[in-house]
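Architecture at a glance
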Amino acid sequence: MAQGLEVALTDLQSSRNNVQHHTEEITVDHLLVRRGQAFNLTLYFRNRGFQPGRDNIIFVVETGPLPDLALGTRAVFSLASHGSPSPWIAWLETNGDTSTEVSLCAPPTAAVGRYLLKIHVDSFQGSVTAYQLGEFILLFNPWCPEDAVYLDSEPQRQEYVMNDYGFIYQGNKNWIRPCPWNYGQFEEKIIDICLQLLDKSLHFQTDPATDCALRGSPVYVSRVVCAMINSNDDNGVLNGNWSENYTDGTNPAEWTGSVAILKQWHTTGCQPVRYGQCWVFAAVMCTVMRCLGIPTRVITNFDSGHDTDGNLIIDEYYDNTGRILGNKKDTIWNFHVWNECWMARKDLPPGYGGWQVLDATPQETSNGLYCCGPASVRAIKEGEVDLNYDTPFVFSMVNADCMSWLVQGGKEQKLHQDTSSVGNFISTKSIQSDERDDITENYKYEEGSLQERQVFLKALQKLKARRFHGSRRGAELQPSRPTPLSQDSPRSLDVPSLRPSDVVQVSLKFKMLDPPNMGQDISFALLALNMSSQFKDLKVNLSAQSLLHDGNPLPPFWQDVAFITLSPQEAKAYPCKISYSQYSQYLSTDKLIRISALGEEKSSPKKILVNKIITLSYPSITINVLGAAVVNQPLSIQVIFSNPLSEQVEGCVLTVEGSGLFKKQQKILLGVLKPQHRASVILETVPFKSGQRQIQANMRSNKFKDIKGYRNVYVNFAL
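Owing to the predicted nature of the structure, the values given are computational and were not obtained by experimental measurement.

Glancing now at the overall build of the protein. For the protein, the helix and strand inventory stands at 13 helices and 36 strands. Radius of gyration (C-alpha) of the protein: 30 Å, near the 27 Å computed for a compact globule of 719 residues. In terms of overall dimensions, the protein has a C-alpha envelope of 115 × 65 × 40 Å along the principal axes. Residues classed as buried in the protein amount to 57% of the 719 residues present. For the protein, the share of sequence-separated contacts (at least 6 apart) that also reach a separation of at least 24 residues comes to 68%.

Next up on the list: the confidence of the model for the protein. Counting all residues, the mean pLDDT for the protein is 91, and 93% of those residues have values of 70 or more. This model gives residues 471–502 a pLDDT under 50, and the stretch forms 58 contacts once residues within four places in sequence are excluded.

The subject of this paragraph is the environment of Gly 36. Topologically, Gly 36 is positioned in the loop between strand 2 (32–34) and strand 3 (38–45). Not counting residues up to four positions away in its chain, the partners in contact with Gly 36 are Cys 105, Ala 106, Pro 107, Pro 108, Asn 141 and Cys 144.

Below, the discussion takes up the domain arrangement of the protein. Split by domain assignment, the protein resolves into domain 1 (7–139), domain 2 (164–467), domain 3 (506–615) and domain 4 (622–715). Between the C-alpha centres of domain 1 and domain 3 there is a distance of 70 Å.

Here we take up the nonpolar core. Counting 68 residues, the largest nonpolar core has Trp 181, Val 225, Ile 229, Ile 261 and Trp 279 as the members making the most contacts within it. Among the elements that take part in this core, helix 8 (residues 278–292) stands out by supplying 13 residues, more than any other. Excluding its chain neighbours within four sequence positions, the residues that come into contact with Val 225 are Leu 197, Leu 198, Met 285, Val 288, Met 289 and Leu 292.

With antiparallel pairing, the six strands of this open sheet are ordered in space as 18-17-16-14-21-22. The open sheet has two free edges, formed respectively by strand 18 (375–376) and strand 22 (436–438), since each of these has just one partner strand. Sheet topology places strand 17 (residues 354–358) next to strand 18; two bridges connect them, and they run antiparallel. Bridge assignment links Val 357 to a residue of strand 18, and that residue is Ala 375. Where helix 8 meets the sheet, it contacts strand 14 (296–306), strand 16 (331–343) and strand 17, and its direction lies at approximately 5° from that of strand 16.

With omega at 10°, the peptide bond leading from Arg 274 into Tyr 275 counts as cis. Position of Tyr 275 among the secondary structure elements: in strand 13 (residues 273–276). Residue Pro 374 is reached from Gly 373 by a cis peptide bond, and omega for that bond is 5°. The phi torsion at Cys 270 lies on the positive side, around 65°, for a residue other than glycine.

Reading guide: rules and limits
- Within any chain, residue numbers begin from 1 and follow the written order of that chain's sequence.
- At least 70 in pLDDT is required for a residue's local features to be given in this predicted model, at least 80 for side-chain atom pairs to be given and counted, and no such filter applies to totals for whole chains, interfaces and linings, which use all residues.
- As a convention, hydrogens and water are excluded, and side-chain values are obtained from all of the structure's heavy atoms.
- Secondary structure is summarised from DSSP: a helix means a run of H or I of at least four residues, a strand means a run of E of at least two, and numbering begins at the N terminus for each.
- Only C-alpha atoms enter the radius of gyration; for comparison, a globular chain is expected to reach 2.2 Å times N to the power 0.38, where N is the number of residues.
- Using a 1.4 Å probe on the protein chains alone, a residue whose accessible area is under 20% of its type maximum counts as buried, one over 50% counts as exposed, and one in between counts as partly exposed.
- The contact criterion used throughout is that any non-hydrogen atoms of two residues lie within 4.5 Å.
- The score called pLDDT rates the predictor's confidence residue by residue, from a low of 0 to a high of 100.
- As annotated, the domain borders come from an automatic or database domain assignment.
- Residues belong to one nonpolar core when they are buried, are Ala, Val, Leu, Ile, Met, Phe, Trp, Tyr or Cys, and are joined through side-chain atoms within 4.5 Å.
- By this definition, two strands are paired if DSSP reports at least two bridges between them.
- Interaxial angles span 0 to 180 degrees and are taken between N-to-C directions of axes, which are lines fitted to C-alpha atoms, for helices over the stretch in contact.

Printed below as a string of structure tokens:
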């Protein structure tokens, strides 16, 4: 009597499959594959070979705690069976005397996550034996044309999925500096932490079966991840803190990578890590999304609007000394950082797929949770603010107008309206390069152009209609048909504009006389120009105050008054100096100083306001690689650093990391550094991954928190 077919061993071919699925950087010891692409496994039999037509092998794949055929979290499909109701398929590759190689393929819409793989062997005499073959992880597939995250460019896939380091741009629009960051999406345990993050979401906790079923949608997954990066609604990854008090955690400026943050969240039982600000939220989200297979990049918007009342106007208030007043609802962030993720948007009208804004910084709620997006970048550019999700809020960040007001004697006087001050130099790292890409044109038409104003007015009109119908930001709207631009439609809108009598005949402008370096005096001049044919007598109140990067000011620490007389068409410079001793104790971690001048003409009610934001710079850390970098061979790295101040600093700590180079973040206690002291340390490591790598370093002390440096390293295979 013929025997039933018995499975003795299974080879999931993890190493081979992972290379073909671009997951070998994560591991080659466990099976990680991408949907919409075949992977192979080999079944070894104990007693005889597989006989097609006499034996039937049925595969079962399950994900989530409550697998369900109807929800798509459980699939049952036979080997080489065509016309099966299951979108999963399996076919025979080779058949030997005691082994069979089989190819399996998940549909390009399958839910991502951890799967259990089982088979039922039905032999010809009617016996059925079940076997559990093992687990595998299924990810999004930007290499598959049928996947919603498909990206038709290998250089872009390498940059936005495979690159594990990059730059986040900070500073201000006049001084943009790259901050090196270790995304580390392929480091040990990161994939497990990313899947754990999905399981800790409120969506999963409330309805795990439905949540797992929806994980095939990048729109859904991106919103879940976005809400989980902050901890405002749940035990998310990061606590936000803009208070300047970080004694019970880590100053956001000190972080140099996502790996340490995610591992700390995991090892503490998913307790939120203290602390993050916008660039940290965005960087950690980039790590998670790239790990899951969704192309993602980090975006910085300089002079970013935060419009709380939805009227596309950022109101700024000043007193009669030129000092900007705090405790206001609207703000302009010196810079703000978010993510763009690449995906199709079948929930929107055609043409609004591609790059989508996701902002994990907890600013406003969306459908009851602190998340923002995905908002179509093209919809933002075209003013289609009624398209999901959170498009009005993102539009205001890049294209709101700014209205300046003078507050005096309990009254508010309009100084001017600026239509171009919000949303400048929108930046991201270039593809396979360390250069900066300016992508402002992706978000809006050129400032000052007719098209830009038409889009602004169209967006304003849509928001007025939305408020009329009682909607709120974040509510899911039924998207209307995109509105074409019209030269006639804006004319009926009530939008503030300047009258001819408001035209100022005197201009004021600040000019730096020396580079603003930390520890040195700040030298600048106020330039006054009389553009009229009459004499002008000016009184100018000047002030300086530290500024947080989210736009909130600290109390002023320097004030001056200038009296300037100008002949017709005359220009004069009024020199100013702020000493280090004047600003040192008032400086925020962001190292931002806002200088303001409020001028008024004698015997005239007209006021002239000008301001400039200064970012104080540090000398960067220098990193030297001593010798050739080769996998599994010792490598020496020299880190050179200095105290830029003319005073002693204490509590100095150097942190160094780099994916593929260090197994974990290195911390070196340096103690005290004397004034202007320069020193170096030698670190020893053994690179464990080949290819292009980056070393990131940060030094902190009791006087500064983020002196940074980086060095790119190419690691060769051992001969």
